[in-house]
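Structural overview
Okay, here's what each chain looks like letter by letter:
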Amino acid sequence: MFSSQEVGQGAVVMEAKPVSILWGSQTGNSEGLARKISKTLGSKGFLPTVYDMDDYDITKLADESLLLLVTSTFGDGEPPDNAAAFYNWLLGGDAPKLDKLKYSVLALGDSNYPDFCKCGIDLDLRFKALGATPLVERVDCDADYDDAFEAWLKAVEEAAGAANAGSGEAVASSGEPEYGKKNPFPAKLLNNYNLNGDESSKETRHVEISIEDSGFSYEPGDALAVLPVNDSQYVENLLKAAGFTGNEEVEGTTLRKALTENYDVTNLTLKTLKTYAELSGSQKLVEIADDKDAFKAYAWGRQFIDLLTEAPLNFEKPEALLALLGKLAPRLYSISSSPRAHQNEVHVTVGVVRYDAHGASRKGVCSNFLANHTGEEPVRIYFHHSKTFKLPQDSNAPVVMVGPGTGIAPFRAFLEERAATMASGKNWLFFGDQHAATDYLYQEQLSEYQASGVLTKLDTAFSRDQEQKVYVQDRMREKGAELYEWLETGGHFYVCGDASRMAKDVDTALHHVIAEHGKKTEEEAAAYVEAMKKSKRYLRDVY
């Protein structure tokens, strides 16, 4: 970078400082931040190199002098897929001493989950245990991480001796579209209908949204971020329980409007419970807040308003109520359309959350916002681009897709894309739900793709249509020999849906299929799967 500049007599030539930036990400946030870090530090006297954790050569770690690590956490405190191998190695017995290393960790997470930022926390503690020195102490970021990220990066610049440290914005804004995360596009909702039959116990909405004049573009595999508004009746109940009318002025608007549009008024987080327990003096809540398992049991099916019922609190000012609440975060939905099939539109497939618990009816914030939307008011949206969960660049490559329930969403997009581009690669879908008669999502379209040859194979698993439940992982085992043959011929394997159970069961079935039909030991099958992950042939969009 400096060698291209003319140097006058007596000038001091600075040597660029190398810095390695590692990222672990399930949805792409960490990767995006890693590249922003690289861009910023590269302009301030550093020589940055960005690594996907899966691609990082672990033998080099002991010789690193400066390392920055950005990672998210998903599932039950687990590392992202691309960070799992690095995580397991570092926390294992083979990691070297790191006495020469200075490092800092930026941990991404969601405080709605008890294991908030666990992956980043574990890596940070392990670096310290191995003798590494924090350049800047770890920062744990919630869903709205922009300000925390910029503060952390400024601290890193200053601690590392960056040229013009902290000058200008950490992230350049030139070239960015008018609409985006900080300025969502007010889109028009075009269509909204239930995909389930009348007798189904589920409600799954197919939602079509216009992106005309937005300047947005997307690809199959990306996600749509939707910023909802809270249910008006819930807000009224909360105002009554807190002792406010809703007309109080806060933040340049009314308390009612702030609670409706800007604040997360439903989720009950451990952080909120701890603060509320201290303010209310409730010994019961204090004890629950000090026990993670007790909190999980208490929080299931409860919302923020239940705290006010459990231990009523006298709020002197509306700001005291707002201080307990986080900002209303966008919800990410896997996109279920190809832009080549639906010009100026984006489609999502939304499972509507409704249930009764603790004597009250509960509703998912965004799913009900979309389900009840009439199309009159705008829907605030932006796109979350995935750099990994994509169709193979080789259009001849076979594709295997496992997506029960709403997990079918990105695979509808994949099939539309393969059809529109006339890709020659074979396509195999495993789909499942409760009943074929009422829960066969996109059945007509899938049948058309079968008839046209776009969908080479379709295996379904409707769990409640027979006495013994059958799931997609069971169909994988049944078709194991052919599935292994597809993998051996370069097949790409995709999974979308529930992370806590389905994705784990599918992963177990995949290992079983490879071991049985590849005649491999458990260790050899595990190595085979790991190689698929490294070559980006095993990708998951799980939540």
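Thresholds, definitions, all that
Residues numbered from 1 in each chain as written. Predicted model: local features only at pLDDT ≥ 70, side-chain atom pairs only at ≥ 80, totals over all residues. Heavy atoms only, no water. Phe/Tyr/Trp six-rings, centres within 6.5 Å; stacked < 30°, edge-to-face > 60°. Helix = DSSP H or I, 4+ residues; strand = E, 2+ residues; numbered from the N terminus. Buried < 20%, exposed > 50% of the residue type's maximum accessible area, 1.4 Å probe, protein only. Contact = heavy atoms within 4.5 Å. Polar contact = N/O pair within 3.5 Å; in protein donor to acceptor, adjacent residues only side chain to side chain. Pairing = 2+ DSSP bridges. Axes fitted to C-alpha atoms, helices over the stretch in contact; angles between N-to-C directions. pLDDT = per-residue confidence, 0-100. Core = buried A, V, L, I, M, F, W, Y, C linked by side-chain atoms within 4.5 Å. Patch = residues over 30% accessible without salt bridge, like charges linked within 9 Å, V, L, I, M, F, W, Y side chains within 5 Å. Areas by Shrake-Rupley, 256 points an atom, 1.4 Å probe, with all protein chains shown as cover. Salt bridge = Lys/Arg side-chain N within 4 Å of Asp/Glu carboxyl O. Expected span 1.5 Å × (residues − 1).

By the definition in use, this model includes 23 aromatic pairs. Arranged with centres 6.0 Å apart and planes meeting at 50°, the rings of F86 and W89 form a pair that is tilted. One end of the pair, F86, and the other, W89, are both in helix 2 (residues 84-91), three residues apart, so they sit about a helical turn from each other. Residue F86 shares its accessibility class with W89, and that shared class is buried. Ring geometry for Y103 versus F127: centroids 4.9 Å apart, planes at 35°, classification tilted.

Turning next to the environment of N196. On the secondary structure map, N196 appears in the loop between strand 8 (189-194) and strand 9 (204-210). Under the relative-accessibility criterion, N196 is labelled buried at 6%. Distance from N196 to E251, taken between C-alpha atoms, is 42 Å for residues 55 residues apart in sequence. Ignoring sequence-local partners within four residues, the contact set of N196 consists of K202, E203, T204, T438, D439 and L441. A distance of 2.6 Å separates a polar atom in the side chain of N196 from the backbone nitrogen of T204. Only 2.9 Å separates the side chain of N196 from the side chain of D439, close enough to count as a polar contact.

Right, let's get into the pairing of strand 16 (residues 345-351). The element strand 16 is extensively covered by neighbouring structure, given that five of its seven residues are classed as buried. Summarising the sheet, strand 9 and strand 16 pair through seven bridges and their orientation is antiparallel. Among the inter-strand pairings, E208 is bridged to a residue of strand 16, identified as H347.

The next point concerns the environment of K181. Mapped onto the elements of the fold, K181 is located in the loop between helix 4 (146-160) and strand 7 (185-187). Under the relative-accessibility criterion, K181 is labelled partly exposed at 32%. In sequence terms K181 and G425 are 244 residues apart; their C-alpha atoms lie 35 Å from each other. Not counting the four nearest positions on each side in its chain, K181 is found in contact with A143, Y145, D146 and Y382.

What follows is about the sheet that holds strand 16. If you trace the three strands from one edge of the open sheet to the other, you get 8-9-16, paired in antiparallel fashion. With one partner strand each, in any of the chains shown, strand 8 and strand 16 form the two edges of the open sheet. Each adjacent strand pair in this sheet contributes to an overall mean axis angle of 15°, direction not counted.

This part is about the sheet that holds strand 15 (residues 331-334). Spatially, 7-19-10-15 is the arrangement adopted by the four strands of the open sheet, whose pairing is antiparallel. At either end of the open sheet lies a strand with only one pairing partner, and these are strand 7 and strand 15. Recorded for the sheet is a direction-independent mean angle of 40° between the axes of neighbouring strands. Bridge analysis of strand 10 (residues 223-227) against strand 19 (residues 379-384) gives five bridges, and the strand direction is antiparallel. Along strand 19, the bridge assignment pairs V226 with I381.

A few words now on the confidence of the model for the protein. Of the residues in the protein, 95% reach a pLDDT of 70 or more, and the chain-wide mean stands at 93. Here residues 169-176 is modelled with pLDDT under 50, and outside its nearest four sequence neighbours on either side it reaches six contacts, counting other chains as well.

Notably, K519 is not glycine yet its phi reads approximately 50°, a positive angle. According to the relative accessible area criterion, K519 is exposed, its value standing at 75%. The backbone phi angle of K536 is positive, close to 60°, even though this residue is not glycine. Position of K536 relative to the elements: it lies in the loop between helix 19 (522-534) and strand 24 (538-542).

On the secondary structure map, K457 appears in strand 22 (residues 457-462). Note on K457: relative accessible area 19%, which makes it buried. There is a polar contact of 3.4 Å between the side chain of K457 and the side chain of E482. Those residues in contact with K457, other than ones at most four positions away along the chain, are N427, W428, L429, K479, E482 and W486.

Counting residues in each nonpolar core, the largest one holds 34 residues, and the members touching the most others are L259, Y276, L285, F304, L307 and F315. Those elements giving two or more residues to this core turn out to be helix 5 (232-242), helix 6 (255-261), helix 7 (270-280), helix 8 (283-289), helix 9 (292-299), helix 10 (304-310) and helix 11 (318-322). Excluding residues within four positions of it along the chain, L285 makes contact with L273, Y276, A277, S280, Y298, L307, E310 and A311. Counting residues in each nonpolar core, the second largest holds 26 residues, with V400, L510, V513 and Y538 among its members.

What follows deals with a nonpolar patch on the surface. A cluster of nonpolar side chains, contributed by W300, V353 and Y355, occupies part of the molecular surface with about 320 Å² of accessible area. Position of Y355 among the secondary structure elements: in strand 17 (residues 354-357).

Looking now at helix 13 (residues 409-420). Here helix 13 is 12 residues long and its end C-alpha atoms lie 17 Å apart, about the 16 Å a rise of 1.5 Å per residue gives. The element helix 13 is largely enclosed, with a buried count of 10 among its 12 residues. Within the sequence span of helix 13, burial applies to A409, P410, F411, R412, A413, F414, L415, E416, E417 and R418. M422 occupies a position one or two residues after helix 13 and carries a positive phi of about 55°.

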